[in-house]
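# Survey of secondary and tertiary structure
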Amino acid sequence: MTGRPLIGISTYLEAGARWGAWELEAALLPAGYPRLVQAAGGLAAMLPPDEPSLAAAAVARLDGLVIAGGPDVEPVRYGAERDARTGPPARARDAWELALIEAALRDRVPLLGICRGMQLLNVALGGTLVQHLDGHAEVVGVFGRHSVKPVPGTLYAGVVPEETAVPTYHHQAVDRLGVGLVVSAHAGDGTVEAVELPSGGWVLGVQWHPEMGEDLRVMGALVRAAGASAAG
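Residues numbered from 1 in each chain as written. Predicted model: local features only at pLDDT ≥ 70, side-chain atom pairs only at ≥ 80, totals over all residues. Heavy atoms only, no water.

## Here's the deal with the nonpolar core
- The biggest cluster of nonpolar side chains holds 31 residues, and the ones touching the most others in it are Leu-65, Leu-100, Ile-101, Leu-105, Leu-111 and Leu-121.
- When contributions to this core are tallied by element, the ones reaching two or more residues are helix 2 (55-60), strand 5 (64-67), helix 3 (91-107), helix 4 (116-124) and strand 12 (192-196).
- With 8 residues, the top contributor of residues to this core is helix 3.
- Once residues lying within four places of it in the same chain are set aside, the contact partners of Leu-121 are Ile-101, Leu-105, Leu-111, Leu-181, Val-195, Val-203 and Gly-205.
- Ile-7, Leu-36, Cys-115 and Val-148 belong to the second-largest nonpolar core, a separate cluster that totals 30 residues. (Core = buried A, V, L, I, M, F, W, Y, C linked by side-chain atoms within 4.5 Å. Buried < 20%, exposed > 50% of the residue type's maximum accessible area, 1.4 Å probe, protein only. Helix = DSSP H or I, 4+ residues; strand = E, 2+ residues; numbered from the N terminus. Contact = heavy atoms within 4.5 Å.)

Here is the structure:
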């Protein structure tokens, strides 16, 4: 393959966002996501919510896929009643991103799920979520940090072999694992912090937010896998 791998990143769709003199509906993404892709050697492409039937065509044009962080997954997606502390649904985004994940898994396009993205990967494979978890988002709107310990022998441990402190902001987590997934990192309190799909090519989900830090290793591994997949 010549050139940089093309990495698609799913986005928010917000009813009102402000810039300059404007306040309009906007497809948006925190700048840390494309900057991390770019710093890791990839080309970043935004994938705002669209008709789920078009997801396969979108993924077919990509070398790699990132499902970004964002709002809580609607509990009906994993057969649960809504907890009072679960945020409002983002149904268009749920449907679009689930279709993107399905297409990436089917076509073995390298896939990285970040926070919500990891949770949605788990749901896509039949898993469930803990709807509220204390201690992982202590100040509203402020990222915290905690240590994450890799599970030896996993894909993640091969990328980041040592225990590291990571940027974190979430109040939900993986409960029952989806089919085929294995846990590849834990927080000190036992919370699942990374999952992967050994039988699915390069598939990794991380509960934290690498785009808010300076460690390029996780995104760099995705970009390398995307480049190798495109070259093959």
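## Structural notes on helix 4
- The buried fraction of helix 4 is high, at 8 of 9 residues.
- Along helix 4, the positions that sit buried rather than exposed are Arg-116, Gly-117, Met-118, Gln-119, Leu-120, Leu-121, Asn-122 and Val-123.
- Just downstream of helix 4 lies Gly-126, where phi reads positive at about 90 degrees.

## Focus: the sheet that holds strand 13 (residues 203-206)
- Across the sheet, 9 strands lie side by side as 4-1-5-6-13-12-11-8-9; this open sheet has mixed pairing. The open sheet terminates on both sides in strands that have one partner only, identified here as strand 4 (43-47) and strand 9 (164-168). For this sheet, the mean inter-axis angle between neighbouring strands, taken without regard to orientation, is 25 degrees.
- In terms of strand pairing, strand 8 (residues 144-150) meets strand 11 (residues 182-187) through 3 bridges, oriented antiparallel. Bridged to Pro-150 within strand 11 is Ala-185.
- Where helix 3 meets the sheet, its contacts fall on strand 1 (6-10), strand 4, strand 5, strand 6 (111-114) and strand 13, and the angle it forms with strand 5 comes to roughly 150 degrees. (Pairing = 2+ DSSP bridges. Axes fitted to C-alpha atoms, helices over the stretch in contact; angles between N-to-C directions.)

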